[in-house]
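Topology and contacts: notes
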Amino acid sequence: MTEKQTDKRQAILDTALLLFTERGFHGTPTSLIAKEAGVATGTLFHYFKTKEELIETLYLDIKKESGSVLSEAARTNGSCMEILDNIGMEFAKWGLENPRKIHFMQQFCYSPFISKAAHEEGISNFAFLHDQIETGIKEGWIRNYPPEVIISIVSSGLMSAILAASREKAPKKQHAVLSQSIDLILHGIMKE
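I will try to describe carefully the structure that is included in this document.

1. Brief notes about the layout of surface pockets
- Taken as a whole, the largest pocket holds about 620 Å³ of empty space.
- In terms of lining residues, the largest pocket is bounded by 30 residues, among which F126, L129, I151, S152 and S155 are the most central.
- Taken together, the elements giving at least two residues each to the lining of the largest pocket come down to α4 (51–74), α5 (80–97), α7 (116–124), α8 (127–139), α9 (147–166) and α10 (171–189).
- When residues of the lining of the largest pocket are assigned to their parent elements, the largest contribution, nine residues, is made by α9.
- Within the lining of the largest pocket, the residues separate by chemical class into 21 nonpolar, seven polar and two charged.

Encoded structure:
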């Protein structure tokens, strides 16, 4: 793909993210995405055969990006609890910088517009979390529930906390919301 083609493709994805989070899937025709991205509708369909493919591509790109951020955060030294806390804070930091991406993930990660294959591919970016949760269970400080359930509940809670924090204007308030949320979430999965 040439640089110009990459730019058009990215413009379509960026515009789709904006419009899907503002208007929803059904309220966002592909013609509007193309118009707002500054490309012809035919150009949009050159890159994405269907609206569903566009949604899945956007979903997978966001999952890959956030998975990369969290994977990097997991490479820190410390106990399993410290690593999970660091992962939570890095996800929160990334989420505050990308609230539309968080909103999109909340909107579409369990929607019928994301195929099972795409959902599984998206989740594969977070396989390292499964290992961290299992370590915490073996160490005896995380409740012995299926790691997939814990990850699902924790990620949903974190996304909600990030969106709540993003509504705060003062960085101190944002940090307080996130710190309290991460503490609450971690205590929710900890054994008493």
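2. Description of the packing of aromatic side chains
- Evaluation of the coordinates by the stated rule reveals five aromatic pairs.
- On the basis of an interplanar angle of 65° and a centroid distance of 5.9 Å, the ring pair of F20 and F108 is categorised as edge-to-face. In this pair, F20 is assigned in helix α1 (residues 3–23) and F108 in helix α6 (residues 99–108), connecting sequence segments 88 residues apart.
- The structure contains a cluster of three or more aromatic residues connected by ring pairs, namely F20, F25, F104 and F108.

3. Considerations on the packing of α4 against α7
- Packing of α4 against α7 leaves a shortest axis separation of 8 Å and a crossing angle of 15°. Between α4 and α7, the interaxial angle falls into the category roughly parallel. Remark: the crossing between α4 and α7 carries right-handed chirality. Here E56, Y59, L60 and K63 of α4 lie close against α7, whose contacting residues are A118, H119, E121 and G122.
- Split into classes, the residues belonging to the contact of α4 with α7 amount to three nonpolar, two polar and three charged.

The rules behind each value
Residues numbered from 1 in each chain as written. Predicted model: local features only at pLDDT ≥ 70, side-chain atom pairs only at ≥ 80, totals over all residues. Heavy atoms only, no water. 1 Å grid on protein atoms, 1.4 Å probe; cavity = no way out; pocket = protein on both sides within 12 Å on 5 of 7 lines; lining within 4 Å. Points joined across faces, edges and corners; volume = space filled by probe spheres on them. Helix = DSSP H or I, 4+ residues; strand = E, 2+ residues; numbered from the N terminus. Nonpolar A, V, L, I, M, F, W, Y, C, P; charged D, E, K, R; others polar. Phe/Tyr/Trp six-rings, centres within 6.5 Å; stacked < 30°, edge-to-face > 60°. Axes fitted to C-alpha atoms, helices over the stretch in contact; angles between N-to-C directions. Parallel < 35°, antiparallel > 145°, perpendicular 65-115°, else oblique. Left-handed = near helix turned anticlockwise from the far one by under 90°. Contact = heavy atoms within 4.5 Å.

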